[in-house]
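Here is how the chains run, residue by residue.
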Amino acid sequence: MMNNTILPRVLALLICAMSICFPAFASQANLNASEVAVSLLVNLSLIVGFTVDVLNQIGKTLGKKDWDFSVDPCSGQKGWVTQNPGQGLENAVSCDCSFKDSTVCHVTSVVLKSQNLNGTLPKEFVNLPYLQEIDLSHNYLNGTIPLEWGTTQLINISLIVNRLTGPIPKELGNISTLAKLTVEFNQLSGLIPPEIGNLSLLNTLHLSSNNFTGELPETLSKLTNLKEIRLSDNYFTGKIPDFIQSWTNLDQLVMHASGLEGPIPSGIRLLIKITDLRISDLNGTQAHFPPLNNMTSLKYLILRNCNLNESLPEYLEAMTSLKTLDLSFNKLSGKIPDSFSNLAKTDNMYGLQYWCYHTVSN
């Protein structure tokens, strides 16, 4: 049965059907206007009822207990939207109500951040055909990512800080609309599926703090719209791939203790838009300082424990936008050039203490 908040939209369409829109259609189909109106009412009842049933099942699977199905889920009432939530909290089901002359709504976004959800990820999200966003960050969800999600038209999948296990399903590579995939701080494992490289619109890929293994698939070179990628705290193997040079729109690259080996590829010099470069704890042999002289917009440069040797490159003096510079636990030698006084406005500087004491203090 439809609730009171849905009925006005249905009645509006029925009036249109009986007085204006449907007599011609009814004549062609040998139906009268009343029969058409009744048929329309039945169809709309089925649409609304089906959506409510889907959300009911999703709520049970997630462990969401405060959705009130006595009101329209798109009404923003009674558990469907929390007004002025606290910091880090968000509880919102959003809808697009522009369908069928603004008489039909479809769920487009489900955001449930820090809601103490302790269930699993529902495959039933696929039954919301207009859904664009799933954000279930900071909960206690367990189990695996449903491969059925690969049939959706999602734009954003955010699952950070949960207890998810298993691999990233290769089927997610079929979501041609996906722009953001963030699964940090879980217990996911296995190889990164090569199919992820098919996500041509992807601009954000956060994989840190999981148990991923193996080499990064070469197909990731096709992700030329990437702006952020985080790979820290995993068990990847092999060298940092040369194909990172294809990520020319990158703004942030974070790779702390990823398991990957050095050296940092020379092609990194092509990432001229980057403002945040953080790499640490590389396995492998000693290496020269990477060519970063084209990265004039860098604000954060962390190359900690990357087996870097020889002396500091003079081009660092031109990076006057730096807020953090960390070169600690390397094998750099020589002294800090006098021209490095240009970096005096850098807020945080690490790994240069010995040199700073002997050369800069005066």
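Below, the structure is looked at part by part. (Residues numbered from 1 in each chain as written. Predicted model: local features only at pLDDT ≥ 70, side-chain atom pairs only at ≥ 80, totals over all residues. Heavy atoms only, no water.)

1. A look at the pairing of strand β1 (residues 90-99)
Examined bridge by bridge, β1 and strand β2 (residues 104-113) share eight bridges and lie antiparallel to one another. Of the residues in β2, the one forming a bridge with cysteine 95 is valine 107. (Pairing = 2+ DSSP bridges. Helix = DSSP H or I, 4+ residues; strand = E, 2+ residues; numbered from the N terminus.)

2. Details of the state of the cysteines
Under the defined criterion, the tally for this structure stands at two disulfides. Put simply, cysteine 74 and cysteine 95 are joined by a disulfide, and their sulfur atoms are 2.1 Å apart. Taking the torsion about the sulfur-sulfur bond, which here is approximately -80 degrees, the covalent link between cysteine 74 and cysteine 95 counts as left-handed. Taken as a pair, cysteine 74 in the loop between α3 (33-62) and β1 and cysteine 95 in strand β1 lie far apart in primary sequence, 21 residues in all. The class for cysteine 74 is partly exposed, based on a relative accessible area of 24%. Covalently, cysteine 97 is tied to cysteine 105 through a disulfide, its sulfur atoms 1.9 Å apart. Around the S-S axis, the bridge from cysteine 97 to cysteine 105 shows a dihedral of about 110 degrees and counts as right-handed. Cysteine 97 gets classed as partly exposed once you look at its relative accessible area, which sits at 28%. With a relative accessible area of 11%, cysteine 105 lands in the buried category. (Disulfide = S-S within 2.5 Å. Buried < 20%, exposed > 50% of the residue type's maximum accessible area, 1.4 Å probe, protein only.)

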